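Listed here are the chains, written in short residue letters.
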Amino acid sequence: MTDTGSYVPPKVWTWEAGSGGRFANINRPIAGPTHEKELPRGKHPLQLYSLGTPNGVKVTILLEELLALGKSDAEYDAFLINIGEGDQFSSGFVEINPNSKIPALLDVSTTPPTRVFESGAILVYLAEKYGAFLPTQPAARAECMSWLFWQMGSAPYLGGGFGHFYAYAPEKWEYPINRYAMEVKRQLDVLDRNLESRRYLCGDEYNISDMANFAWYGVLTLTNMYGAKEFLDTASYENVIRWATEIKDRPAVRRGSRVNRTFGPEEDQVRERHDASDLD
């Protein structure tokens, strides 16, 4: 559908709860809890409240990678937060993340417990806490942090922009789809050019920037995310596909990608994780 350009914004925007779209029932212009409910607690040092979306998968991949390194104190409980049902607006979740977005982490090994929200912040917190997957040499650390924050700033154009208008909006409008498709393809080209001469995003060493970007752009190129594989011609980004395939085949990545998953083949869904055996 070609846009008509007939919409005239009002002087003051007001919320129309019935505005449509796949997530209209949970989107709202105010913060804070909608209902009282405490979050459950498990037995491990780390309590994760999440869902198997790209942002959630970043963290479970890192946790499984840490456990694979023998960091036994990185054991965690992963509780499912069903964002379609509004679990993220419970009083317990808002207490950990006032932004009501998954994932949220509670480190109960500290006194008092440490809350961490925003997926990038969680990755940095865990990498620093366990001394892994984050370079310590200043230039290498700066490169890793640059690619990590590149993902944090870029992915909203992919998910909230392209994904929303291409797959979830109540109608398909040419202008926003073209606008965000152009940007997503530019981002894929940025990654592809960088990976032309590098095994991983920062060079020869795999780190949290790879995990974060894989969860979005790696999965985008290897699967039919948003049903847009052909539309975006993701097969043309050969360096991204090579990098993503190598990461996908890591045992810890395969394990972490199943945690809090509520879609796809049933055998790949581990809605909650409380022990390593849950993934065996």
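Anything mentioned here points back to the structure above.
### Concerning the side chain of Gln187
With respect to the secondary-structure elements, Gln187 resides in helix α5 (residues 174–195). Leaving out residues up to four positions away in the same chain, Gln187 has contacts with Trp150, Ser154, Tyr157 and Tyr217.

### A closer look at the pattern of salt bridges
Where charged atoms from two side chains of opposite charge come close, those side chains can pair. Applying the stated criterion to the full structure yields 13 salt bridges. When the shortest N-O distance is used, the salt bridge between Asp189 and Arg193 registers 2.7 Å. In this pair, Asp189 and Arg193 both sit in helix α5, four residues apart, roughly one turn of the helix. Classification of Arg193 as exposed rests on a relative accessible area of 59%. By sharing partners, the salt bridges in this structure join Glu64, Glu75, Arg255, Arg273 and Asp280 into a single network.

### Details of the sheet that holds strand β2 (residues 76–80)
Whenever strands of a sheet pair, they do so through backbone hydrogen bonds, lying parallel or antiparallel. Spatially, the four strands line up as an open sheet ordered β2-β1-β3-β4, and their pairing is mixed. With partners counted over all chains shown, the strands left at the sheet margins are β2 and β4 (114–117), one partner each. In this sheet, neighbouring strand axes are inclined to one another by 20 degrees on average, regardless of whether the strands run parallel or antiparallel. Across four bridges, strand β1 (residues 46–50) lies against strand β3 (residues 104–107) in antiparallel orientation. Among the inter-strand pairings, Tyr49 is bridged to a residue of β3, identified as Ala104.

### What to know about helix α1 (residues 54–68)
With 15 residues, α1 should reach 21 Å at 1.5 Å per residue; the first-to-last C-alpha distance of 21 Å fits that figure. Most of α1 sits out of view: 13 of its 15 residues are buried.

### What about the packing of α1 against helix α6 (residues 208–222)?
It is the contact of α1 with α6, at a shortest axis distance of 8 Å, that shows an interaxial angle of 140 degrees. Considering the angle they form, α1 stands oblique to α6. Between α1 and α6 the crossing geometry is right-handed. Packed against α1, whose contacting residues are Pro54, Asn55, Val57, Lys58, Ile61, Leu62 and Glu65, the element α6 presents Ile208, Met211, Ala212, Phe214, Ala215 and Trp216 at the interface. A breakdown of the residues in the contact of α1 with α6 according to their chemical character gives ten nonpolar, one polar and two charged.

### What to know about the environment of Leu123
Mapped onto the fold, Leu123 is located in helix α3 (residues 119–130). Residue Leu123 is classed as buried on the basis of its relative accessible area, which comes to 0%. Note: C-alpha distance between Leu123 and Leu148 (25 residues apart in sequence) is 9.2 Å. With residues up to four places along the chain from it excluded, the contact list for Leu123 reads Lys58, Val59, Leu62, Leu148, Ile208 and Ala212.

### A look at the packing of aromatic side chains
Per the counting criterion, the structure on display carries twelve aromatic pairs. On the numbers, 5.4 Å between centres and 45 degrees between planes, the contact of Trp150 with Tyr217 is tilted. Of this pair, Trp150 sits in helix α4 (residues 138–168) while Tyr217 sits in helix α6, and the two are 67 residues apart along the sequence. One exposure class covers both Trp150 and Tyr217, and it is buried. Here the aromatic rings of Phe162 and Tyr226 are separated by 6.4 Å at their centres, their planes lie at 75 degrees, and the arrangement is edge-to-face. Residue Phe162 is located in helix α4, and its partner Tyr226 is located in the loop between α6 and α7 (229–232); the two are separated by 64 residues in the primary sequence. Taken as a pair, Phe162 and Tyr226 share a single burial class, namely buried. Ring pairs connect the aromatic residues Phe162, Tyr166, Tyr168, Tyr226 and Phe231, which therefore count as one cluster. Against the face of Tyr166 rests Lys172, its NZ or CZ located 4.9 Å from the ring centre. Cation over ring: Arg273 sits above Tyr76, and NZ or CZ is 4.1 Å from the ring centre.

### What to know about the nonpolar core
Core analysis: the largest hydrophobic core is formed by 62 residues, its most contacted members being Leu126, Phe162, Ile208, Tyr217 and Trp243. Of all the secondary structure elements, the ones that give two or more residues to this core are β1, α1, β2, α3, α4, α5, α6 and α8 (238–248). At nine residues, the largest contribution of residues to this core is made by α4. The next biggest cluster of nonpolar side chains, apart from the first, holds eleven residues, and it includes Phe79, Leu80, Ala104 and Leu106.

### A closer look at a nonpolar patch on the surface
Residues Tyr7, Trp13 and Trp15 make up a contiguous nonpolar surface patch of about 440 Å² in total accessible area. For Tyr7, the location among the structural elements is in the segment before β1. Note on Tyr7: relative accessible area 60%, which makes it exposed.

Conventions we followed
- Residues numbered from 1 in each chain as written.
- Predicted model: local features only at pLDDT ≥ 70, side-chain atom pairs only at ≥ 80, totals over all residues.
- Heavy atoms only, no water.
- Helix = DSSP H or I, 4+ residues; strand = E, 2+ residues; numbered from the N terminus.
- Contact = heavy atoms within 4.5 Å.
- Salt bridge = Lys/Arg side-chain N within 4 Å of Asp/Glu carboxyl O.
- Buried < 20%, exposed > 50% of the residue type's maximum accessible area, 1.4 Å probe, protein only.
- Pairing = 2+ DSSP bridges.
- Axes fitted to C-alpha atoms, helices over the stretch in contact; angles between N-to-C directions.
- Expected span 1.5 Å × (residues − 1).
- Parallel < 35°, antiparallel > 145°, perpendicular 65-115°, else oblique.
- Left-handed = near helix turned anticlockwise from the far one by under 90°.
- Nonpolar A, V, L, I, M, F, W, Y, C, P; charged D, E, K, R; others polar.
- Phe/Tyr/Trp six-rings, centres within 6.5 Å; stacked < 30°, edge-to-face > 60°.
- Lys NZ or Arg CZ within 6 Å of the ring centre and 35° of its normal.
- Core = buried A, V, L, I, M, F, W, Y, C linked by side-chain atoms within 4.5 Å.
- Patch = residues over 30% accessible without salt bridge, like charges linked within 9 Å, V, L, I, M, F, W, Y side chains within 5 Å.
- Areas by Shrake-Rupley, 256 points an atom, 1.4 Å probe, with all protein chains shown as cover.

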